[in-house]
Every structure is written in C-alpha cells, then in structure tokens.
Amino acid sequence: MPGFEVFGDEERKQVNDVLETGILMRYGFDGMRNNQWKAKEFEEAFAERMHSNHCQLVSSGTSALTVALASAGVGAGDEVIMPTFTFVASFESIMMLGAVPVLVDIDDTLTLDPHAVEAAITPRTRCIMPVHMCGSMADLKALKAICENYNLLLLEDACQAIGGSFDGKPLGSYGDLGCFSFDFVKTITCGEGGAVISNFEQYKIHADQYQDHGHDHEGNDRGAETHPTLGYNFRISELNAAVGLAQLAKLDDILAVQEKHYGIMRKAISDIPGVTFRRVPETGVENYSFLNFFLPTGETAQKAHKALLEAGVDGCFYWYTNNWHYINGWEHLRNLKSLGRMPSEIKEHIQDLNNTDFSKSDHWMSRTISCLVKVGWTEEEVEQRADKMRKVLEGIL
Ligand SMILES: *Cc1c(COP(=O)(O)O)cnc(C)c1O
C-alpha cells in the first residue's frame, strides 16, 4: 500500500513551490506566498475525489479521528463503539476527548460485527466507529441502519482503505464523517497528515475551528480573528500538504496496480483446500492494499505465517499476536496505563477489558493472515511471490 514507493519528481516540485516562497504555514502571509495554498488545494481536490462536500486536512489520521468526533460534539462520558481489531489510534482519539471507547467483536469481514454493535448500545452511546482494516470495509449498510434506528453518528475510519467503495460511494463518504491518514506507510502519504470528510457544513466549520485553536478564519488578519470555541493545534503544514497533492494525483494509478497484484496473488492460492478469504460486504470494492485470508485453525495460521516469512514472502502479518492492532496486544489500554490521571468518565465506565469475552474476535483473528500488496513489484516478482505463497500454504495444509 505505500505511496512512498512512488515518491518522485512530482512531490519534489510541489514541495519546491512552497520552499521558494518560504511560507510553510497554511494560513496567512497572503502577500508573501505567491498564491501558493497547498493545504487548501488538497482539501478541494480530496473532497471532490471522495464525492464529499467538505474536507478538513489535519496533522495525522489520529488527529483526524479526534477532530471528527469533536466536530460532531462527542465529549466526556459519551460512548463510542469501536472494533477489537484496529490500530491503537481508535481508542487514543476517543479517550483524548474524555469519551469512552466500547470495544466490540469483529466478524469474518475483519471489521465490526453489526450484531455485536447493536448489543453494545447503551443510553450513553453517541457514535459507531467502523474501521475499514487492511483494504476492505465494514458492513456499512447494516451499521447505518442501526445508527438511524438509535440516532447515532456513523464515523468511518478509512485510513487503511482509501480508494475503496461501498454501494458506489468512496469509503469514508458513506457515514456522517470519514477519516483518513497520510502517514508514511499509507496508500498515499504526506509524510504525516490526515483528513476528515463530511457533507455537513456544521461539521466542517467545527473541524476548521477546532484544529486551529478555535480560529474563525474570517478575514485575513489572524491576530484579529475571534474564537467561537476552544480548540487545539492539529494543523498540517504546507510542506506536508504539498507532498500529499502530488500523491493524490497518483492514487488511482496506485489502486490499479494494487488490484492487479492482489489478483495474481489471490488466484494462486484460491483453490488450496483450507484457504478461505475475508468476506467483503455486498456492493463493497476493496482498495486491494492487502490480501487477507483465513486458515483452518490458529495453529496452521501461525505455522503458515512463520513459513511464509522464512520463504522470503515479506510483508505478511499475523495480527493476532501483534502489539499494535489487536486487543491482545493492548496491555496498556486494558490496565489504563496513562501518564496522568484519567478522566473519571473513562475510569468509571470503561469495560473491564481484562475480563471481557472476545472469543468471537479471537476465532477470526487467530486464523487471519494479511499480505501487503506493493506497487513497485514487477509482474515477474509478483508471479514468483504468488508461487512461493502457494507452495508454502500447500506444504502446511
Ligand atoms: C494509520 C491509522 C490511523 C492513524 O493514522 P496516523 O496518521 O498514523 O495518526 C488510524 N486508524 C487506522 C486504521 C490506521 O491504519
């Protein structure tokens, strides 16, 4: 998935535009910036690509999630439903606001199980946050129906599935709000960066203010602006936005190559008895950044993962024992290890995560292997890789 593989002259040119004016900040200095507004330009292009009315660029995917929640009014004590399989940013962004993460099981989509979501709703629930992990999506139709039924927000974390779609809509644009990351290992990168998209003007206004200390961004004298709300600094710099502009222009080419490479790998292992694939919800189109499959048992999956790496098939992940992406590895969250005192709302209401039954998630995660799809491979390299994968898996099963 990494956009850093295609970094080149286009990115250098965009960054140079900024370096030549020396205005590294996205706001102000109108007379000196030679009409260069990289962040603004990115926001317009990204909103259009994502079929959304509004885009707010920020400093990371994690801050995008926090800004999205804050802009929709989620705050202390509100419950946000999130999956057991995700990146740590999910609970970090929720807890940042004093809101309470409620972890629920995933299913064979490797994302939120709608039944588990519905069972976890309480009077304090404000938001459902599906995370489209490893290139494919949650059952957004089912989740949207639940949100409409219980009057909840639907916030899509599309950080790992940019360019995929559901029901003809770009991932991130189906819910009330969508979040993206442009960190260094994502499908397109700004070095560091993130974005929030939505169709609601009020969320855009709030996001715009919240990510820049509450600035109202009226007029062209920053010092004279007023602050309708408390905010924070989650701004992106012009340099990062410039890199992103060049990368965004490459997104559709990256997706096309990923799809091709994914197809070759999938075909090579698809008729091996015992190999099954992650379920993609009906009408969903992956972004093909990972090939995700199940083996019959946790034991065979662990063996296969080890054998794949030994055979030189790098970029294969066994998330079940990973420190960053599954509840099993989040000892710091389970035991609420924070540097300072936790908000009482979180301490009082968070699940006892050391004693919650996540066996349904374990059932899928313990059997899952995800193989990264790169864009820089030659066709011959992909064929060789696919062949190796096939041999290794046949040997285990
Ligand atoms: C990368 C990622 C994030 C956070 O993005 P950063 O830009 O690294 O802060 C959030 N959610 C998911 C699913 C991610 O993969």
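A brief report on the enclosed structure follows. Keep in mind that what you see is a predicted model, and the values were worked out from it rather than measured. One numbering rule holds for all chains: residues counted from 1, following each sequence as written. A pLDDT threshold of at least 70 governs which residues receive local features in this predicted model, and a stricter bar of 80 or more applies before side-chain atom pairs are shown or counted, although totals over entire chains, interfaces and linings include all residues. Side-chain figures throughout are based on the complete set of non-hydrogen atoms in the structure, without hydrogens or water.

**Some details on the overall build of the chain**
Then comes step 1: Counting secondary structure elements, the chain contains 14 helices and 14 strands.
Then comes step 2: Radius of gyration (C-alpha) of the chain: 21 Å, near the 21 Å computed for a compact globule of 397 residues.
Then comes step 3: Considering only C-alpha atoms, the chain reaches an extent of 70 × 50 × 40 Å along its principal axes.
Then comes step 4: Three labels apply to residues, based on accessible area from a 1.4 Å probe with only protein chains included: buried if under 20% of the type maximum, exposed if over 50%, partly exposed otherwise in between. Considering the chain as a whole, with its 397 residues, one finds that 56% of them fall into the buried category.
Then comes step 5: Contact criterion: two residues are considered in contact whenever any of their non-hydrogen atoms come within 4.5 Å of each other. Taking the intrachain contacts of the chain between residues at least 6 apart in sequence as the baseline, contacts between residues at least 24 apart amount to 69%.
Then comes step 6: All accessibility values rest on the Shrake-Rupley procedure with a 1.4 Å probe; residue burial counts only the protein chains present in the view. For the chain, the accessible area works out to roughly 16800 Å², and carbon and sulfur atoms hold 50% of it. Only DSSP runs of H or I covering at least 4 residues are called helices, and only runs of E covering at least 2 are called strands; the numbering of each starts at the N terminus. Note that the radius of gyration is over C-alpha atoms, with the globule rule given as 2.2 Å times the number of residues to the power 0.38.

**Here we look at the nonpolar core**
Then comes step 1: To define a nonpolar core, start from buried Ala, Val, Leu, Ile, Met, Phe, Trp, Tyr and Cys residues and group those joined through side-chain atoms within 4.5 Å. Residues Leu69, Val80, Phe85, Leu103, Leu155, Trp330 and Leu333 are the most contacted members of the largest nonpolar core, which totals 51 residues.
Then comes step 2: The element that contributes the greatest number of residues to this core is helix α3 (residues 61-71), accounting for 5 residues.
Then comes step 3: What fixes the domain bounds is an automatic or database domain assignment. The two domains that each donate at least three residues to this core are domain 1 (3-250) and domain 2 (252-396).
Then comes step 4: Sequence-distant contacts of Phe85, that is, excluding residues within four places in its chain, are made with Ile106, Leu110, Met133, Cys134, Trp319, His325, Tyr326 and Met365.
Then comes step 5: Counting 44 residues, the second largest nonpolar core, distinct from the first, contains Phe42, Ile162, Ala195 and Val375.

**Description of the sheet that holds strand β10 (residues 276-277)**
Then comes step 1: Here, a strand pair is defined by DSSP locating no fewer than two bridges between the strands. Spatial ordering of the open sheet is given by β10-β12-β14-β13, a layout of 4 strands whose pairing is antiparallel. With partners counted over all chains shown, the strands left at the sheet margins are β10 and β13 (316-317), one partner each.
Then comes step 2: Here 5 bridges tie strand β12 (residues 290-294) to strand β14 (residues 368-372), and the two strands are oriented antiparallel to one another. Of the residues in β14, the one forming a bridge with Leu291 is Cys371.
Then comes step 3: In this analysis, axes come from line fits to C-alpha atoms, helices being fitted only over the stretch in contact, and the angle between any two N-to-C directions falls in the range 0 to 180 degrees. Relative to the sheet, helix α9 (residues 251-269) contacts β10, β12 and β14, its axis offset from that of β12 by approximately 20°.

**Focus: the site of the ligand**
Then comes step 1: Throughout, the term near means that a residue has one or more heavy atoms lying within 4 Å of the molecule or strand in question. Taken together, 14 residues lie around the ligand, and Gly61, Thr62, Ser181, Asp183 and Lys186 are the ones closest in.
Then comes step 2: Pairs of N or O atoms within 3.5 Å make up the polar contacts considered here, provided that, within protein, one atom can donate a hydrogen while the other can accept it, and that residues adjacent in sequence are counted only when both atoms are side-chain atoms. In the environment of the ligand, an oxygen atom lies 2.7 Å from a nitrogen or oxygen atom belonging to the backbone of Gly61.
Then comes step 3: Within the side chain of Asp157, an N or O atom sits 2.8 Å from a nitrogen atom of the ligand.
Then comes step 4: Contact with the protein chains covers 93% of the free accessible surface of the ligand, which is 380 Å².
Then comes step 5: Classes in brief: Ala, Val, Leu, Ile, Met, Phe, Trp, Tyr, Cys and Pro nonpolar; Asp, Glu, Lys and Arg charged; the others, Gly included, polar. For the shell around the ligand, the class distribution of residues is 5 nonpolar, 6 polar and 3 charged.

**Considering the pattern of salt bridges**
Note on pairing: side chains with opposite charge can pair once their charged atoms come close.
Then comes step 1: Whenever Lys or Arg places a side-chain nitrogen within 4 Å of a carboxyl oxygen from Asp or Glu, that contact is recorded as a salt bridge. Counted under the stated rule, the structure contains 22 salt bridges.
Then comes step 2: Measuring nitrogen to oxygen at the nearest pair gives 2.9 Å for the salt bridge that ties Asp17 to Lys38. Taken together, the positions of Asp17 in helix α1 (residues 9-21) and Lys38 in helix α2 (residues 38-49) put the pair 21 residues apart, joining distant regions of the chain.
Then comes step 3: We classify Asp17 as buried; its relative accessible area is 15%.
Then comes step 4: Judged by relative accessible area, Lys38 falls into the buried class, the value being 2%.
Then comes step 5: In this structure, a network of salt bridges that share partners links the residues Glu10, Glu11 and Lys250.

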